[in-house]
Amino acid sequence: MKNTINNTFKSGLILSTALLTGALAITAAFTQSKAEASMNVASVTISAKRMTEEQKMAYDATQNAMQTVLISAKRMTDEEKLAMDEAEKFQRQQVAQKAARKNIQG
């Protein structure tokens, strides 16, 4: 009788320890992935039309109130991120090629 109770207690203790360890491992895995995701740095590109000095002065003269800038973004999928990275890489190559041609010609 004592052996049966002792074995049941040991089995319960082993099972409880295994379940607790599993739960902690799962929690740690999800916490780690969230921490890694939050370490990614976002970048913002702001583009505007080039204005002449006269256009700048005229624009500044007409502005009386505080200007507001609205920035909005959406979460991109991995495919969208890859496509954007490829487009930026292609743009950098185009700029480098134009600069090289300019150096050769001039």
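Residues numbered from 1 in each chain as written. Predicted model: local features only at pLDDT ≥ 70, side-chain atom pairs only at ≥ 80, totals over all residues. Heavy atoms only, no water.

Before going further, it helps to examine the overall build of the chain. From N to C terminus, the chain includes three helices and zero strands. When the elements of the chain are put in sequence order from the N terminus, they spell out α-α-α. Buried residues in the chain amount to 0% of all 106 residues. Summed over its atoms, the accessible surface of the chain is roughly 10,800 Å², and 61% of this surface lies on carbon and sulfur atoms. (Helix = DSSP H or I, 4+ residues; strand = E, 2+ residues; numbered from the N terminus. Buried < 20%, exposed > 50% of the residue type's maximum accessible area, 1.4 Å probe, protein only. Areas by Shrake-Rupley, 256 points an atom, 1.4 Å probe, with all protein chains shown as cover.)

Under the definition given, this model contains two salt bridges. Of the charged contacts, one joins Glu80 and Lys74 as a salt bridge, the two residues approaching to 3.1 Å between their closest N and O atoms. On the accessibility criterion, Glu80 (33% relative accessible area) is partly exposed. Assessed through its relative accessible area of 59%, Lys74 is described here as exposed. (Salt bridge = Lys/Arg side-chain N within 4 Å of Asp/Glu carboxyl O.)

The next thing to look at is a nonpolar patch on the surface. A cluster of nonpolar residues, Val44, Ile46, Val69 and Ile71, forms a patch on the protein surface that exposes about 480 Å² of accessible area. By secondary structure assignment, the location of Val69 is in the loop between helix H2 (53-62) and helix H3 (78-105). (Patch = residues over 30% accessible without salt bridge, like charges linked within 9 Å, V, L, I, M, F, W, Y side chains within 5 Å.)

Now for the confidence of the model for the chain. Caution applies to low-pLDDT parts of the model: their predicted coordinates are not meant to be read in detail. On average, residues of the chain carry a pLDDT of 78, and 83% of them reach 70 or more. Model confidence for the chain, summarised as mean pLDDT per element, is weakest for helix H1 (residues 2-38) at 74 and strongest for H3 at 87. (pLDDT = per-residue confidence, 0-100.)

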